[in-house]
Amino acid sequence: MTAAPNSSLRERKKRRTRQTLIDTALELFTRRGFGGVTLDELCEEVEVSKRTFFRTFTSKEDVAMAPDQDLWRAFLEELETADPDGLPLVELGRDALLAALARMDDEGWARRMLLSRRLAERTPSMGAHGLQFCESTTQEALAILHRRFGLGAPGDLRPRLAVDMLVAAFHGALASWVAQADTAREAGRTEPPTAGELADRLREAVAALPASLALTAVPGGDGGDGG
């Protein structure tokens, strides 16, 4: 009778410790630089052992990129239960990613995501870690699409291309969202960006995909729509 409450208490404590590690890491890395903070210093600041740290994260890069990784793990969960409803694959993925964004804590997650992206822009090792995570997530998404909908027969590149286009659209939306926040900061506005604003930019980016695929390059002239 007491096992469930005790288990729940342990899980809540683990989640609090994880969140404290993420928040503290992002604050320290932002203030002192990613390379200016050792793992020992981070653990000392949070008052946890390195053993506790490694139960949750694999590296400094892993904890610094947790906001992004949390979003994409939620995306995989949403994709696992998404109703296809006859949607094109990119739109099905868009809706799953929008549902994942809706699950993120609007103020706290958005601020952490912004700090993480700014760090990644100037930390090559975070970029390498992100590429590995992106490929792993893509493979998991493809496995879900194959298992649930029978998509992805040998030699059929379309599911992979659809997932890649969704990822590219998100990265474009994210870059625009960060740039908007940076412009606002330079203008003296301190309101943090929101996950809702990032969702709006994602919708715009996915809507622009067909037009971008029809864009042609003309030597010495402006690009135009393919005929």
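Here, the structure is the one placed above.
Here's what I pulled together on the structure shown here. (Residues numbered from 1 in each chain as written. Predicted model: local features only at pLDDT ≥ 70, side-chain atom pairs only at ≥ 80, totals over all residues. Heavy atoms only, no water.)

**Remarks on the packing of helix α5 (residues 66–81) against helix α8 (residues 124–149)**
Item 1. In the contact formed by α5 and α8, the axes pass within 10 Å of each other and the chain directions differ by 5°. Between α5 and α8, the angle falls in the class roughly parallel. Residues Gln69, Trp72, Arg73, Phe75, Leu76, Leu79, Glu80 and Thr81 of α5 touch α8, and the partners they reach there are His129, Phe133, Thr137, Glu140, Ala141, Ile144, Leu145, Arg147 and Arg148.
Item 2. Residue composition of the contact of α5 with α8, grouped by class: eight nonpolar, four polar and five charged. (Axes fitted to C-alpha atoms, helices over the stretch in contact; angles between N-to-C directions. Helix = DSSP H or I, 4+ residues; strand = E, 2+ residues; numbered from the N terminus. Parallel < 35°, antiparallel > 145°, perpendicular 65-115°, else oblique. Contact = heavy atoms within 4.5 Å. Nonpolar A, V, L, I, M, F, W, Y, C, P; charged D, E, K, R; others polar.)

**Focus on the nonpolar core**
Item 1. Counting 42 residues, the largest nonpolar core has Leu71, Phe75, Leu101, Trp109 and Phe170 as its most contacted members.
Item 2. Elements with a contribution of two residues or more to this core: α5, α6 (89–103), α7 (106–121), α8, α9 (158–186) and α10 (195–207).
Item 3. Top contributing element to this core by residue count: α9, with 11 residues.
Item 4. Apart from the residues within four sequence positions on either side, Leu101 is in contact with Leu71, Trp109, Ala195, Leu198, Ala199 and Leu202. (Core = buried A, V, L, I, M, F, W, Y, C linked by side-chain atoms within 4.5 Å. Buried < 20%, exposed > 50% of the residue type's maximum accessible area, 1.4 Å probe, protein only.)

**Overview of the pattern of salt bridges**
Item 1. Using the criterion set out here, one finds 17 salt bridges in the structure.
Item 2. In this structure, Lys14 and Glu11 form a salt bridge, with 3.6 Å as the shortest nitrogen-oxygen distance. With Lys14 and Glu11 both in helix α1 (residues 3–32) and three residues apart, the pair spans about one turn of that helix.
Item 3. Salt-bridge contacts for Arg147 lead to Glu80; the nearest nitrogen and oxygen are separated by 2.5 Å. In this pair, Arg147 is assigned in helix α8 and Glu80 in helix α5, connecting sequence segments 67 residues apart.
Item 4. Residue classification places Glu80 among the partly exposed positions, given a relative accessible area of 32%. (Salt bridge = Lys/Arg side-chain N within 4 Å of Asp/Glu carboxyl O.)

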